[in-house]
Amino acid sequence: MNKVIIIGSGPAGVSASLYSARAGLDTTIISKGIGSLENAHKIQNYYGIKGEISGKDLAVSGIKGAKNVGVNIINEEVVAISYDGNFIIETDKSKYFSEYAVIATGNTRNAPAIKNLKNLEGKGISYCAVCDAFFYRNKDVAVLGNGKFALHEIQDILPVASSVTLLTNGEKVKDMPPKEVKIKTEKITEILGNDSLEGVRFSDNSVIDIKGLFIAYGTAGSTALAKKIGAGIKGNYIAVNENMETSIKKLYAAGDCTGGMMQIAKAVYEGAVAGNHIVKESRKKQ
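K.L.:
Can you help me understand the overall build of the chain in this one?
P.N.:
Of the regular secondary structure elements, the chain holds six helices and 17 strands. The C-alpha radius of gyration of the chain comes to 20 Å, within 12% of the 19 Å expected for a compact globule of 286 residues. Across its three principal axes, the chain shows a C-alpha extent of roughly 55 × 45 × 30 Å. Across the 286 residues that make up the chain, the buried fraction comes to 51%. A separation of at least 24 residues holds for 55% of the contacts in the chain among residues at least 6 apart in sequence. As displayed, the chain has an accessible area near 13800 Å², and 47% of this comes from carbon and sulfur atoms. Side-chain charges in the chain split into 35 positive and 29 negative, and the spacing between the mean points of these groups amounts to 4 Å.

Here it is, written out as structure tokens:
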């Protein structure tokens with residue numbers, strides 16, 4: 001079992017890993033990719049950078065530094081996190097266990113721009129199946145997505161819903177759901193309903209009547225992972241204390257997912273705080 005698992009290989013995640021690994025704690029980073037930093041063409045306003053550097057080059061350098069101090073890097077997609085005395089990090093390929101966990105996946109909220117979607121959030125539209133599936137027992141629902149994350153959400157919904165339909169919004173299905181799940185690949189033009197969700201209209205003008213729509217577009221974002229385990233959320237961000245610890249003991253968050261300045265310096269600082277506090281807490285038991 002890992003002592004520390006960090007979800008995300010950006011500045012916050014790598015920074016946290018440097019502190020925990022250098023202190024001798026078995027540390028693993030799980031990440032499918034570099035994240036938003038990869039899209040930064042030029043970085044100049046960062047300490048130690050002479051001239052400029054691309055976000056991708058800076059990220060690659062950071063990951064190499066983590067490997068040099070013994071951090072294990074796993075390139076897999078995290079789809080869920082839970083707790084049974086230890087943290088269970090579930091990916092598209094396996095499950096991993098740790099005593100401490102850090103969410104450092106940025107703040108990308110994967111939701112397409114669809115008419116009326118935002119207006120019905122919390123009124124039939126949900127971003128967390130394990131949180132809200134219970135409210136849709138014996139009702140017709142749909143999941144919006146086409147990959148591993150969507151498939152994981154479907155597994156949580158199937159035991160309680162009357163029917164489940166996978167909506168891909170014009171995308172190809174990457175991972176086939178169970179045979180009892182209907183699939184509709186047409187582009188979505190509008191979410192129907194005023195005070196509550198009533199249905200979905202598609203580009204071919206067809207309509208399906210549903211009472212719940214679970215957004216699982218792309219990969220699981222930071223707030224989605226936090227909600228799955230019951231960590232406190234403030235707006236679109238994960239709530240943390242001065243040690244970057246969430247409302248769940250031994251679960252930390254750092255970087256863009258905690259709000260504030262969306263800057264590398266801030267992410268590195270928060271990662272350092274989280275990693276350092278994990279080290280202090282682990283040493284109390286020795």
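K.L.:
Whenever I open this one, the sheet that holds strand S10 (residues 182-184) confuses me. Can you help?
P.N.:
By definition, the strands of a sheet pair up through backbone hydrogen bonds, in either a parallel or an antiparallel sense. Judged by pairing direction, the sheet is parallel, and its five strands sit side by side in the order S7-S14-S8-S9-S10 without closing on themselves. Each of the sheet's edge strands pairs with one partner strand only, and the pair in question is strand S7 (125-126) and S10. Here S7 pairs with strand S14 (residues 212-215) via two bridges, running parallel. For Ser126, the partnering residue across the bridge sits in S14 and is Phe214. Helix H4 (residues 148-157) rests against strand S8 (140-144), strand S9 (163-167) and S14 of the sheet, and its axis sits at about 160 degrees to S8.

K.L.:
Before we go on, may I ask you to explain the side chain of Glu270 in this structure?
P.N.:
Structurally, the position occupied by Glu270 is in helix H6 (residues 264-283). Relative accessible area serves as the criterion here: at 9%, Glu270 is assigned to the buried category. Of note is the side chain of Glu270, whose polar atom sits 2.7 Å from the side chain of Thr258.

K.L.:
What exactly am I supposed to notice about the layout of surface pockets here?
P.N.:
Sizing a probe to match a water molecule and rolling it over the atoms shows the empty space that remains. If you add up the space inside the second largest pocket, you get close to 320 Å³. The wall of the second largest pocket is formed by 17 residues, among which Pro11, Val14, Tyr46, Gly62 and Val268 lie closest to the centre. Those elements that provide at least two residues to the lining of the second largest pocket are helix H1 (11-22), helix H2 (55-68) and H6.

K.L.:
Explain a negative patch on the surface here, please?
P.N.:
Among the surface-exposed residues, Asp140, Asp195, Glu198 and Asp209 lie close enough to one another that they form a single negatively charged patch. Along the chain, the position of Asp209 falls in strand S13 (residues 207-209).

K.L.:
Just checking my understanding: could you explain the sheet that holds strand S11 (residues 188-193) for this structure?
P.N.:
Across the sheet, which stays open at both edges, the three strands sit in the order S11-S12-S13 with antiparallel pairing between neighbours. Every other strand in the sheet has two partners, leaving S11 and S13 as the edge strands with one partner each. Averaged over all pairs of adjacent strands, the angle between their axes in this sheet comes to 20 degrees, without regard to strand direction. Bridging between strand S12 (residues 197-202) and S13 involves three bridges; their strand directions are antiparallel. In the sheet register, Gly199 faces S13, and the bridge partner there is Asp209.

K.L.:
Sorry if this is basic, but what is going on with the pairing of S9 here?
P.N.:
Two faces, one strand: in a regular strand the side chains alternate between the faces of the sheet. Burial analysis of S9 places five of its five residues in the buried class, which makes it a mostly covered element. Side chains Ser163, Thr165 and Leu167 project from S9 onto one buried face, and the interleaved Val164 and Leu166 project onto a second face that is buried too. Taken together, the five bridges between S8 and S9 define a ladder with parallel strand orientation. Note that in S9 the partner of Val143 across the bridge is Leu166. A crossover connection joins S8 to the parallel S9 through H4; in handedness this β-α-β unit is right-handed. Pairing of S9 with S10 involves three bridges; the strand directions are parallel.

K.L.:
Is there a simple way to think about the state of the cysteines in this case?
P.N.:
In protein chemistry, a disulfide is the covalent bond that joins the sulfur atoms of two cysteines. Within the structure shown, the criterion is met by zero disulfides. Free of any disulfide, Cys257 has its nearest cysteine sulfur in Cys128, 16 Å distant. Classification of Cys257 by relative accessible area gives buried; the value is 0%.

K.L.:
Explain the packing of aromatic side chains to me, please; I cannot follow it from the model alone.
P.N.:
Here a ring pair, both rings aromatic, is described through the centre-centre distance and the interplanar angle of the planes. As enumerated under the stated definition, the model contains three aromatic pairs in all. Plain terms: the ring middles of Tyr136 and Phe214 are 5.5 Å apart, the flat faces sit at 80 degrees to each other, and that makes the pair edge-to-face. Taken together, the residues span a long stretch of sequence, with Tyr136 in the loop between helix H3 (129-132) and S8 and Phe214 in strand S14 at a distance of 78 residues. Each member of the pair Tyr136 and Phe214 is classed as buried. Directly above the ring of Phe202 sits Lys184, whose terminal nitrogen or CZ lies 4.8 Å from the centroid. If you follow Lys250 out to its NZ or CZ, it ends over the ring of Tyr100, 5.3 Å from the centre.

Rules of the game
Residues numbered from 1 in each chain as written. Predicted model: local features only at pLDDT ≥ 70, side-chain atom pairs only at ≥ 80, totals over all residues. Heavy atoms only, no water. Helix = DSSP H or I, 4+ residues; strand = E, 2+ residues; numbered from the N terminus. Rg over C-alpha atoms; globule rule 2.2 N^0.38 Å. Buried < 20%, exposed > 50% of the residue type's maximum accessible area, 1.4 Å probe, protein only. Contact = heavy atoms within 4.5 Å. Areas by Shrake-Rupley, 256 points an atom, 1.4 Å probe, with all protein chains shown as cover. Lys, Arg positive; Asp, Glu negative; His and termini not counted. Charge placed at Lys NZ, Arg CZ, Asp CG, Glu CD. Pairing = 2+ DSSP bridges. Axes fitted to C-alpha atoms, helices over the stretch in contact; angles between N-to-C directions. Polar contact = N/O pair within 3.5 Å; in protein donor to acceptor, adjacent residues only side chain to side chain. 1 Å grid on protein atoms, 1.4 Å probe; cavity = no way out; pocket = protein on both sides within 12 Å on 5 of 7 lines; lining within 4 Å. Points joined across faces, edges and corners; volume = space filled by probe spheres on them. Patch = residues over 30% accessible without salt bridge, like charges linked within 9 Å, V, L, I, M, F, W, Y side chains within 5 Å. Salt bridge = Lys/Arg side-chain N within 4 Å of Asp/Glu carboxyl O. Right-handed = clockwise from strand over helix to strand, strands pointing away. Disulfide = S-S within 2.5 Å. Phe/Tyr/Trp six-rings, centres within 6.5 Å; stacked < 30°, edge-to-face > 60°. Lys NZ or Arg CZ within 6 Å of the ring centre and 35° of its normal.

It is worth stressing that arrangement in space is one thing and function is another; only the former is reported here.
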